[in-house]
Amino acid sequence: QKRTARAYALIIKGFLCRGNLDAGLKHTQAMRKQGFYVPPFAVGLLFRIGSESERLKDVFEVCLESGISLPHETVCFAFEDCLKRSDCALAATIEAAVRAGGDLPHGAFDPLLKVNVVAGHSHALELWEEMQALGVKVTEGLCVGVLARSAESKHLRFAEEVTKYCR
């Protein structure tokens, strides 16, 4: 039977509010297959439940395969989750997908930078330079946080660049 976009949205919300991620993903895919736009609240809820279930990668892959666009808040949430779990590989995958579809939201730079600093990746330096070029707000708290993380990961070149910026 054919469902309306509203019916799908309510079904997805019902499954996800009860923590049934698999059913939520299944109906989200069905909604996209029928050509409906998946509302941002549903995408955000999918990612939140995916994070709680430690299945964020599964949720991201389904969204990517189904052509579901990720709201900026969801992208930021995904990077925060990657930071919390020290999952630089997933962060890099998400970053590549988001950049393929457009620009990285300004709010995503903070957690993405931190996850790369923790991992000691040179990409942190590239992100730092891009943030400055784009005029992304760099707070004192961010500088202190990334300096501490770069000391832990022994990412000295990055620490030097942040120190130069702070002077």
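Residues numbered from 1 in each chain as written. Predicted model: local features only at pLDDT ≥ 70, side-chain atom pairs only at ≥ 80, totals over all residues. Heavy atoms only, no water.

Enquirer: Describe the pattern of salt bridges, naming the residues involved and giving the relevant values.
Expert: A side chain of one charge can pair with a side chain of the opposite charge if their charged atoms are brought near each other. Taken as a whole, this structure holds 10 salt bridges when the rule is applied. The partner of Arg99 in a salt bridge is Glu95, with the nearest N and O atoms 2.8 Å apart. Residue Arg99 and its partner Glu95 are both found in helix α6 (residues 88-101); the two are separated by 4 residues, about one turn of the helix. For Glu161, the salt bridge goes to Lys164, with nearest N and O atoms at 3.3 Å. Placement of both Glu161 and Lys164 in helix α10 (residues 156-166) is noted, with a separation of 3 residues, approximately one turn of the helix. Overlapping salt bridges bring together Glu54, Asp81, Lys84 and Arg85 as one network. (Salt bridge = Lys/Arg side-chain N within 4 Å of Asp/Glu carboxyl O. Helix = DSSP H or I, 4+ residues; strand = E, 2+ residues; numbered from the N terminus.)

Enquirer: Give me the lowdown on unusual backbone geometry, citing residues and values where you can.
Expert: In terms of backbone geometry, most residues other than glycine have negative phi values and most peptide bonds are trans. Even without a glycine there, the phi angle at Ser86 is positive, about 55°. In this structure, Lys154 is a non-glycine residue whose phi angle is positive, near 60°. Within the fold, Lys154 resides in the loop between α9 (140-153) and α10. Residue classification places Lys154 among the exposed positions, given a relative accessible area of 66%. (Buried < 20%, exposed > 50% of the residue type's maximum accessible area, 1.4 Å probe, protein only.)

Enquirer: Let's hear about the packing of helix α2 (residues 21-33) against helix α4 (residues 56-66): which residues, and what values?
Expert: A pair of packed helices is captured by two measures, namely the crossing angle of their axes and the spacing between those axes. In contact at an axis separation of 10 Å, α2 and α4 are set at 10° when each is read in the N-to-C sense. With respect to α4, the axis of α2 lies roughly parallel. Contacts between α2 and α4 involve Leu21, Leu25, Gln29 and Arg32 on the former and, on the latter, Val59, Val62 and Ser66. (Axes fitted to C-alpha atoms, helices over the stretch in contact; angles between N-to-C directions. Parallel < 35°, antiparallel > 145°, perpendicular 65-115°, else oblique. Contact = heavy atoms within 4.5 Å.)

Enquirer: Outline the side chain of Ser66, supporting the account with residue identities and numerical values.
Expert: When you line up the elements, Ser66 lands in helix α4. With relative accessibility at 18%, the residue Ser66 sits in the buried group. Here Val62 takes part through its backbone oxygen, which lies 2.9 Å from a polar atom of the side chain of Ser66. (Polar contact = N/O pair within 3.5 Å; in protein donor to acceptor, adjacent residues only side chain to side chain.)

Enquirer: So, the nonpolar core: which residues are in play, and what are the values?
Expert: Membership of the largest hydrophobic core comes to 50 residues, with the highest contact counts inside it found for Phe47, Phe79, Ile94, Leu113 and Phe158. Once you skip the residues sitting within four places of it in the chain, Leu113 turns out to touch Ala124, Leu127, Trp128, Met131, Leu142, Val146 and Phe158. (Core = buried A, V, L, I, M, F, W, Y, C linked by side-chain atoms within 4.5 Å.)

Enquirer: Help me get a handle on the packing of helix α1 (residues 5-17) against α2, residues and values and all.
Expert: Closest axis-to-axis distance for the α1/α2 pair is 8 Å, and the angle between their directions is 165°. Put simply, α1 runs roughly antiparallel to α2. α1 and α2 meet at a crossing whose hand is left-handed. From α1, Ala5, Tyr8, Ala9, Ile11, Ile12, Phe15 and Leu16 reach across to α2, where they touch Leu21, Ala23, Gly24, His27, Thr28, Ala30 and Met31. Here the residues of the contact of α1 with α2 sort into 11 nonpolar, 3 polar and no charged. (Left-handed = near helix turned anticlockwise from the far one by under 90°. Nonpolar A, V, L, I, M, F, W, Y, C, P; charged D, E, K, R; others polar.)

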